[in-house]
Amino acid sequence: MSKKILVVDDEPSIVKLVQFNLEKEGFDVDVAFDGQAALEKMKERLPDLLVLDLMLPKVDGLEVCRRIRQEKRHIPILMLTAKSDEFDKVLGLELGADDYMTKPFSPRELTARVKAILRRVEALQGENKPDSDQPLIQIGELTIDPEGYVVTRGNAEIDLTPKEFELLVYMASRRGKVLSRDQLLNAVWNYDYIGDSRIVDVHVSHLRDKIEADSRNPVYIKTVRGIGYKFEGPKKT
């Protein structure tokens, strides 16, 4: 069964171009031209991935993203923006977008990004490895179930976006190792961001807010100045 992609943009020419290229690759593509229409379509059927423009009529892309995450829907979101302002990109990521592209963009690159995101989500959910047996990761109060796609701290389940979950699993599986931003970009996002490491910093900040008791004094994700991050855990006393 082909994956369903919902493309949301108020520019018909862009929607047509993206739809054509994705359908050529075998995806089932639906479209919407404003945020309200996108939200209504998702009530009928959840897509496997959302390509979402930031600037939309009726309900803007940031609000669409916010509502999806508030409802705890684990839909990968590829955000599109015509703005070069770093604030808009970071805000979109903070609201739960998994990735972003700045207009104008190459349809080939967008298709590659969509494939990469879906491929990695499938791998995390075990869809491509039915016989795999990934053990639970237990560090301090954190329990990470890579197969069940569940993270808990104590008895409380933590809601993560697909990209946050993937980043957490990658870092926790390499406990004690210093991981550079470029290394995380290559491993978790799986394509060239041309040195744009801000996407890593934003996702790490989001993870800290969710898994740490005090994100300003992190126990699990430590910053290694000038290099990147290291996943540790509570020190034994």
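Source: prediction; values computed, not measured.

Engineer: So what exactly am I meant to see when it comes to the sheet that holds strand 10 (residues 178-180) here?
Structural biologist: In sheet architecture, strand pairing relies on hydrogen bonds along the backbone and comes in two forms, parallel and antiparallel. If you trace the three strands from one edge of the open sheet to the other, you get 10-12-11, paired in antiparallel fashion. Strands with a single pairing partner mark the edges of an open sheet, and in this sheet they are strand 10 and strand 11 (221-224). Between one strand axis and the next, the sheet turns by 35° as a mean value, whatever way the strands run. Across three bridges, the pairing between strand 10 and strand 12 (residues 228-231) is antiparallel. Across the sheet, valine 178 pairs through a bridge with lysine 230, a residue of strand 12. Against the sheet, helix 7 (residues 181-189) engages strand 10 and strand 12, with an angle of about 75° to strand 10. Set on the sheet, helix 8 (residues 198-211) makes contact with strand 11 and strand 12; between it and strand 11 the angle comes to about 145°.

Engineer: What am I meant to see in the pattern of salt bridges here?
Structural biologist: Two side chains bearing opposite charge may form a pair once their charged atoms approach each other closely. This structure, assessed with the given rule, holds 19 salt bridges. We note a salt bridge from lysine 115 to glutamate 25, for which the minimum N-O separation is 2.7 Å. Note that lysine 115 is positioned in helix 5 (residues 107-124) and glutamate 25 in the loop between helix 1 (12-24) and strand 2 (28-32), a separation of 90 residues in sequence. Ionic pairing is found between arginine 66 and glutamate 63, a salt bridge with its closest N-O pair at 2.3 Å. With a gap of three residues between them, arginine 66 and glutamate 63 both fall in helix 3 (residues 61-70), about one helical turn apart. Overall, the relative accessible area of 22% leaves glutamate 63 in the partly exposed class. Beyond isolated ion pairs, a larger network of salt bridges with shared partners links Asp9, Glu11, Asp53 and Lys103.

About the cut-offs
- Residues numbered from 1 in each chain as written.
- Predicted model: local features only at pLDDT ≥ 70, side-chain atom pairs only at ≥ 80, totals over all residues.
- Heavy atoms only, no water.
- Pairing = 2+ DSSP bridges.
- Helix = DSSP H or I, 4+ residues; strand = E, 2+ residues; numbered from the N terminus.
- Axes fitted to C-alpha atoms, helices over the stretch in contact; angles between N-to-C directions.
- Contact = heavy atoms within 4.5 Å.
- Salt bridge = Lys/Arg side-chain N within 4 Å of Asp/Glu carboxyl O.
- Buried < 20%, exposed > 50% of the residue type's maximum accessible area, 1.4 Å probe, protein only.

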